[in-house]
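# Descriptive analysis of the structure
Each chain, letter by letter, is given below.
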Amino acid sequence: MIATLGNNAISTLKPGAVLTVTGATSEMDAQREVADFLQLSDRNDLGYFSISKDYFLLYLKSENSLSGIA
């Protein structure tokens, strides 16, 4: 299950938002759940990276990968 920290619905998620995943059996399962969640929500403009096993930070994807993370 995925939840956001704060009052962000998926339609209003912005870069810098943190997603938390509960119930995943491994970090790979948690990453897969975040990827599926963003894809099913049609949020292909956002990428993510792991902060810890269950927390993921969202960032705005860019054609230039360095500027997308910065």
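Here the structure is a predicted model, which is why all the values come from computation and not from measurement.

## Quick notes on the overall build of the protein chain
Along its length, the protein chain carries two helices and four strands. Helices (α) and strands (β) of the protein chain occur, in sequence order from the N terminus, as β-β-α-β-β-α. Put simply, the protein chain has 70 residues, and 24% of those count as buried. For the protein chain, the exposed surface amounts to about 4,600 Å²; the carbon and sulfur share of it is 55%.

## Digging into the nonpolar core
If you look at the biggest cluster of nonpolar residues, it comprises eleven residues: Leu13, Ala17, Leu19, Val21, Ala24, Ala30, Val34, Leu38, Leu46, Phe56 and Leu58. Elements represented by at least two residues in this core include exactly β2 (18–21), α1 (27–40) and β4 (55–60). Residue contributions to this core peak at three residues, all from α1. Sequence-distant contacts of Ala24, defined by excluding residues within four places in its chain, comprise Asp29, Ala30 and Lys53.

What counts and how
- Residues numbered from 1 in each chain as written.
- Predicted model: local features only at pLDDT ≥ 70, side-chain atom pairs only at ≥ 80, totals over all residues.
- Heavy atoms only, no water.
- Helix = DSSP H or I, 4+ residues; strand = E, 2+ residues; numbered from the N terminus.
- Buried < 20%, exposed > 50% of the residue type's maximum accessible area, 1.4 Å probe, protein only.
- Areas by Shrake-Rupley, 256 points an atom, 1.4 Å probe, with all protein chains shown as cover.
- Core = buried A, V, L, I, M, F, W, Y, C linked by side-chain atoms within 4.5 Å.
- Contact = heavy atoms within 4.5 Å.

Any functional reading would require information beyond the geometric quantities listed.
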